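# Fold and contact review
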Amino acid sequence: MIVYLVRRFGQSLLAIAAMAVLVFVGVYAIGNPVDILINPEANQAEIEATVARLGLDKPLWEQFLLFVWNALHGDLGDSFVYGRPAVEIILERLPATMELAFVALILSVGIGVPLGVLAGLKPDSIAGRSIMAGSILGFSLPNFWQGMLLILVFAVLLGWLPAGGRGETVDVLGMQLSFLTLDGLRHLILPAVNLALFKMSLIIRLTRANTREANLQDYVKFARAKGLSSRRVVLVHILKNIMIPVVTIIGLELGSMVAFAIVTETVFAWPGMGKLLIDSINLLDRPLIVAYLMLTVFIIVTINLVVDVLYSVLDPRVRLSEVKG
Amino acid sequence: MRRTYATLMAGLIAGTALTAPAMAEELTIGLKSEATSMDPQFHNLATNTQVLSNIFEGLTEQDPVQKVEPSLATEWTAVDDTTWRFTLREGVKFHNGSDFTARDVIYTYCRVPLVENSPSSYTIFTGTMADVTAEDDYTVIIKTEGPNPLLPTEISNLPIVSADAGGAEETITFGTDGCEGMGTVPQAGDFNSPDVAVGTGPYKLQEFTRGNQLVLSRFEDYWGEKPDWETVMMRPISSNGPRVAALLAGDVMMIESPPIQDIPRIEQGGYKIIDALSNRIIYLHMRQDTADAPSISGTDGKNPLQDVNVRKAISLAINREAIKERIMGGFAVPAGELLPPPMFGTSGREADPYDPEQAKALLADAGYPDGFEITLGTPNDRYINDEQVAQAIAQMLTRIGIKTNVDASTASQFFSRRNALDFPIYMAGWGASSGEMSSPLKSLVTTFDKEAGRGVTNAGRYSNAEMDAVLEEAMTTIDDAKRDALLQKAETMVLDDYGIIPIHYEQTVWALDPSLDYEPRVDQYTIAFQVKKAAD
């Protein structure tokens, strides 16, 4: 187990290092931030002063080494646009994104798993077929368009919910959370649904396929033959066994929801990290882009690590084979 | 995508009942982009200026047509060529209750170079100041290094911050190498707090949540006319579709720059559209300094753009009316100058006519009867419908024999490549922040001189020594009438030479609830305190 953990941890560090190089060089190639940031009326001397102030006059390798050195000391640089530490600005936005991602996750798991099991147990029933048809919609609608449609129907046409933005927040342990207020919830519903629909479809399909497979397994047949209630068969024997792939997917998808809720955040003007990334790319705010990507790499790598560890807890075979290997 | 959305809009709007704004005393505005800081001296950027001008005021201000008007100074005179005397308004209070005096003015101008990490510094406005002194509490003398007729215009961009809120000492002495008595200067981040962001403006900062909203509340001791709204809420909604949706859903009462395609639908929804000519000119610039320009072929290695006949042919080949009608939806005005008349320094010159026959003849005269091939650079997300305009121009040029390929890229890419002289011909825009002709002339067509800081945006490298001399004279002439004449002369020289080709002036559009009124501004700013309740 420990050998496994150490090896997995080493791989994670390697992934982070590789990404650091890629991200830094990639962002460097986009263009010169000063061309965008500075007032067009500025003269050459001011442009050069700004270039020097932002440290852009140094060669790429020197900038990179400086970045790595500072990063190792926990400093990912100051944002060009805001003049404050990039990490601080991103973390300011983190609660909004996390809140959105978690609500979306709860929606997609809470609705997706039961519907998937239902569709898996009765694949030929009307309910089963409708669920599958619905999930195709969830898959294939482009996120942007789907978001606009939600806004048009629920905000413009019906006027039930606000068209965008984040509602009133309350301070919980230093974090600004909005799902605890009524106004906040009203603002949260549409973006969360928009973000959840795709994941929900994914979970429905995955759960259904696994349920159908498990349903035919000997241990399920045996459980039924033993005379267990069908409730117990489904909840204990089937559900427990199909959870491994579902947990994997949920882990991966949570990471991607936190890191790349960009489209949803843009459509709903949700003040999260994704919107910050888009704004930063448009302004070529290099330190912020780099810090953001490094942070998301870190989050995704960490989630994967946790998922792998969870695996070995859920499935003894993983544990045993790794020990042998 | 946009089309789908627009069609859908049309269907849905028809069934939408018009909803009145919920709270009459609160104004909500959907902005295209967000201020990067609450520090009025941190980032010299239109987005910041338009928001912060609610909280801070300069000694002078620019009215909706960019005429310089008194603000915190009641009058000013040029004592001699390099000395200005400003008389300050008495009885003005800062948001924290302290009195506005000459000390605050000196503090403000002293603080500009002390702002750390500024991505675009305000030193471009203080650079010419040699000394700032207080004759008494309400008289400020500003000395400049050379004659600077634009000083009153430039200081409209320098909003006064409170010396007391910044923690300055009793006496502040101006010095070009650093001032004395400044105390510890608060930095940009500190300005998120209403205790530091203290100005004299009609609104006080109440709350700034980055990415979500900026809330202002009315300053009841304001010296001037009080604004109509108790509170103002500004929300950044950068995508066009969602911004329009927020207006239609009643989330906000006013939005800036609605996409031109959606305007008919917004009007159908019962909202008001207002628009005005802006100070932004869209122009074509051509590489003229070298025979060796990139991306030109079919000319035996010559650079045809060095020939004035070719440049004139390009201008005559462009059907500006068609661009205005078909691509800009009528929200543009064909341009014959670098700034729309009757702004300062314009001559009233007409836009070039559309005359493809003469254009072809000129090309033949220049020795290119069969034309040549060229690449036109353009940004695709910076100006209104920029890429479509460039595509149309390319087709028009191709029609007279200049086979034109469009190379469109996102603004951050485009400006870097343009400044690296990547394009033989490119389309871009220029907004004159000072509202007078010297601004486009100085930046776009003066001979490029790195050391002297001239012609910074002259990526066509046009050069005309005679014009440079006339402009130089204009820039040091304090007398307005004389300067006007000189600027007109300089501009005419460039345009007669086809050194740069104006296409059109953009029109700025706002969509707002019918219960509101807004006097549109040429500088494209959306200034909350100038939004009024409509007279019934």
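About the criteria used
- Residues numbered from 1 in each chain as written.
- Chains lettered and ligands numbered in written order.
- Predicted model: local features only at pLDDT ≥ 70, side-chain atom pairs only at ≥ 80, totals over all residues.
- Heavy atoms only, no water.
- Helix = DSSP H or I, 4+ residues; strand = E, 2+ residues; numbered from the N terminus.
- Rg over C-alpha atoms; globule rule 2.2 N^0.38 Å.
- Buried < 20%, exposed > 50% of the residue type's maximum accessible area, 1.4 Å probe, protein only.
- Contact = heavy atoms within 4.5 Å.
- Lys, Arg positive; Asp, Glu negative; His and termini not counted.
- Charge placed at Lys NZ, Arg CZ, Asp CG, Glu CD.
- Phe/Tyr/Trp six-rings, centres within 6.5 Å; stacked < 30°, edge-to-face > 60°.
- Polar contact = N/O pair within 3.5 Å; in protein donor to acceptor, adjacent residues only side chain to side chain.
- Salt bridge = Lys/Arg side-chain N within 4 Å of Asp/Glu carboxyl O.
- Pairing = 2+ DSSP bridges.
- Axes fitted to C-alpha atoms, helices over the stretch in contact; angles between N-to-C directions.
- Disulfide = S-S within 2.5 Å.
- Domains from an automatic or database assignment.
- Buried area = accessible area lost by both parts, 1.4 Å probe.
- pLDDT = per-residue confidence, 0-100.
- Core = buried A, V, L, I, M, F, W, Y, C linked by side-chain atoms within 4.5 Å.
- Patch = residues over 30% accessible without salt bridge, like charges linked within 9 Å, V, L, I, M, F, W, Y side chains within 5 Å.
- Areas by Shrake-Rupley, 256 points an atom, 1.4 Å probe, with all protein chains shown as cover.
- Parallel < 35°, antiparallel > 145°, perpendicular 65-115°, else oblique.
- Left-handed = near helix turned anticlockwise from the far one by under 90°.

Helix and strand counts for chain B come out as 15 helices and 20 strands. In terms of overall dimensions, chain B is globule-like: its C-alpha atoms have a radius of gyration of 25 Å, near the 24 Å expected for 536 residues. Projected onto its principal axes, the C-alpha positions of chain B cover 75 × 65 × 40 Å. Within chain B, the proportion of its 536 residues that are buried is 59%. Taking the contacts inside chain B whose residues are at least 6 apart along the sequence as the reference set, 69% of them involve residues at least 24 apart. Within chain B, the 77 negative side-chain charges are centred at a point lying 6 Å from the centre of the 43 positive side-chain charges.

Under the counting rule described, the total for this entry stands at 15 aromatic pairs over all chains. Both rings, one in Phe64(A) and one in Phe67(A), keep their centres 6.4 Å apart while their planes meet at 40 degrees; by these two values the pair is tilted. Residue Phe64(A) and its partner Phe67(A) are both found in helix H4 (residues 60-72); the two are separated by 3 residues, about one turn of the helix. We classify Phe67(A) as buried; its relative accessible area is 10%. With centroids separated by 5.5 Å and ring planes inclined at 20 degrees, the aromatic side chains of Phe414(B) and Phe423(B) adopt a geometry described as stacked.

Residue and element names in this part refer to chain B. With respect to the helices and strands, the residue Thr 346 is situated in the loop between strand E14 (332-334) and helix H10 (356-365). Polar side-chain contacts of Thr 346 include one of 2.7 Å to the backbone oxygen of Met 343. Once you skip the residues sitting within four places of it in the chain, Thr 346 turns out to touch Glu 337, Leu 339, Pro 340, Pro 341, Met 437, Asp 484 and Gln 488.

So, on to the pattern of salt bridges. The full count for this structure, using the stated rule, is 30 salt bridges over all chains. Between Arg166(A) and Glu99(A) there is a salt bridge, with the nearest N and O atoms lying 3.2 Å from each other. Linking Arg166(A) in the loop between helix H7 (143-157) and strand E1 (170-172) with Glu99(A) in helix H5 (residues 86-121), this pair joins segments that are 67 residues apart in sequence. Both residues of the pair, Arg166(A) and Glu99(A), count as buried. In this structure, the salt-bridge partner of Asp523(B) is Arg521(B), at a minimum N-O distance of 2.8 Å. Take Asp523(B) and Arg521(B): they sit in the same class, and that class is buried. Within the structure, one salt-bridge network assembled from shared partners comprises Arg84(A), Glu88(A), Glu92(A) and Arg210(B).

This paragraph deals with the sheet that holds strand E6 (residues 129-136) of chain B. Residues and elements named next belong to chain B. Pairing is antiparallel in the open sheet, where 4 strands are placed in the order E4-E5-E7-E6. Sheet topology places strand E4 (73-80) and E6 at the edges, where each strand pairs with a single neighbour. Ignoring which end each strand starts from, the neighbouring axes of this sheet average 20 degrees apart. Contacts between helix H3 (residues 102-111) and the sheet are confined to strand E5 (83-88), E6 and strand E7 (139-144), with E6 contributing the most and set at about 165 degrees to the helix.

Moving on, we get to the interface of chain B and chain A. Listed as interface residues are 53 residues of chain B and, on the opposing side, 50 residues of chain A. For the interface between chain B and chain A, the tally reads 2 salt bridges. Taken together, the connections running from chain B to chain A amount to 6 residue pairs in polar contact (both at pLDDT 80 or more). Contributions of two or more residues to the side of chain B that touches chain A are made by helix H1 (2-14), helix H4 (123-126), strand E10 (231-236), helix H6 (240-248), helix H12 (411-419), strand E17 (425-431) and helix H13 (438-445) of chain B.

This part is about the state of the cysteines. All names here are of chain B. Evaluated as defined, the whole model comprises 1 disulfide over all chains. The disulfide that involves Cys 110 links it to Cys 179, with 2.0 Å between the sulfurs. Here the S-S torsion is close to -90 degrees, and the disulfide linking Cys 110 with Cys 179 is therefore left-handed. With Cys 110 in helix H3 and Cys 179 in the loop between helix H5 (151-154) and strand E8 (203-209), the pair connects residues that are 69 residues apart, well separated along the chain. Overall, Cys 110 belongs to the buried group, its relative accessible area being 2%.

With that settled, consider the pairing of E4(B). All names here are of chain B. Pairing between E4 and E5: 6 bridges, direction antiparallel. Residue pairing in the sheet places Ala 78 in a bridge with Trp 84 of E5. Counting the residues that bridge the hairpin from E4 to E5 gives 2 residues.

Looking now at the domain arrangement of chain B. Residue and element names in this part refer to chain B. Partitioning chain B into structural domains gives domain 1 (21-35 + 201-271 + 513-536), domain 2 (56-194) and domain 3 (277-507). Distance from the C-alpha centre of domain 1 to the C-alpha centre of domain 3: 34 Å. Facing the 7 residues of domain 1 at the interface are 11 residues of domain 3. Counting the surface lost from both domain 1 and domain 3, the interface buries some 670 Å², and carbon and sulfur atoms represent 57% of this. Per-residue buried area on domain 1 facing domain 3 is highest for Ile 260, Val 522 and Gln 524; these three make up 76% of the total on that side. On inspection of domain 1 and its partner domain 3, the count reaches 0 salt bridges. The interface formed by domain 1 and domain 3 includes 3 residue pairs in polar contact (both at pLDDT 80 or more).

Residues and elements named next belong to chain B. Taken over all residues, the pLDDT of chain B has a mean of 89, while the share at 70 or more is 95%. Looking at the elements of chain B, mean pLDDT is at its lowest for H1, recorded as 46, and at its highest for E5, recorded as 95. Note that pLDDT drops below 50 for residues 6-23; the model gives that stretch 25 contacts with residues more than four away or on any other chain. Interface confidence for the predicted complex, given as ipTM, is 0.77, next to a pTM of 0.82.

Attention now moves to the pairing of E5(B). Where E5(B) meets E7(B), 5 bridges bridge the pair, whose relative direction is antiparallel. Each bridged residue has a counterpart across the sheet, and for Arg85(B) the counterpart in E7(B) is Ile141(B).

All names here are of chain B. Leu 27, Met 38, Leu 59, Phe 100, Tyr 109, Met 129 and Met 234 are the most contacted members of the largest nonpolar core, which has 138 residues in total. Ignoring sequence-local partners within four residues, the contact set of Leu 27 consists of Trp 229, Thr 231, Val 232, Met 233, Met 253, Leu 516, Ala 528 and Val 531. Counting 74 residues, the second-largest nonpolar core is a separate cluster that includes Tyr 283, Met 427, Leu 486 and Ile 500.

On to unusual backbone geometry. What you tend to see is this: most non-glycine residues have negative phi, and most peptide bonds are trans. Across the junction of Pro341(B) and Pro342(B), the peptide omega takes the value 10 degrees, indicating a cis bond. Topologically, Pro342(B) is positioned in the loop between E14 and H10. Despite not being glycine, Leu284(A) shows a phi value in the positive range, around 55 degrees. Of note, Leu284(A) is situated in the loop between helix H12 (273-283) and helix H13 (286-314). Taking the relative accessible area as the measure of exposure, Leu284(A) reaches 2% and is therefore buried. One non-glycine residue with positive phi stands out, namely Asp300(B), at about 55 degrees. Structurally, Asp300(B) is set in the loop between strand E13 (296-297) and helix H8 (308-317).

Turning to a nonpolar patch on the surface, a few remarks are in order. A surface patch of nonpolar side chains, amounting to about 300 Å² of accessible area, comprises Leu157(A), Leu158(A) and Trp160(A). One can find Trp160(A) in the loop between H7 and E1.

Our focus in this paragraph is the packing of helix H6 (residues 126-140) of chain A against helix H8 (residues 182-215) of chain A. All names here are of chain A. Packing of H6 against H8 leaves a shortest axis separation of 8 Å and a crossing angle of 140 degrees. Considering their axes alone, H6 and H8 lie oblique with respect to each other. Relative to H8, H6 is oriented so that their crossing is left-handed. Note on element contacts: H8 touches H6 through Leu 197, Phe 198, Ser 201, Leu 202, Ile 204, Arg 205 and Arg 208, opposite Ile 131, Met 132, Ser 135, Ile 136, Gly 138 and Phe 139.

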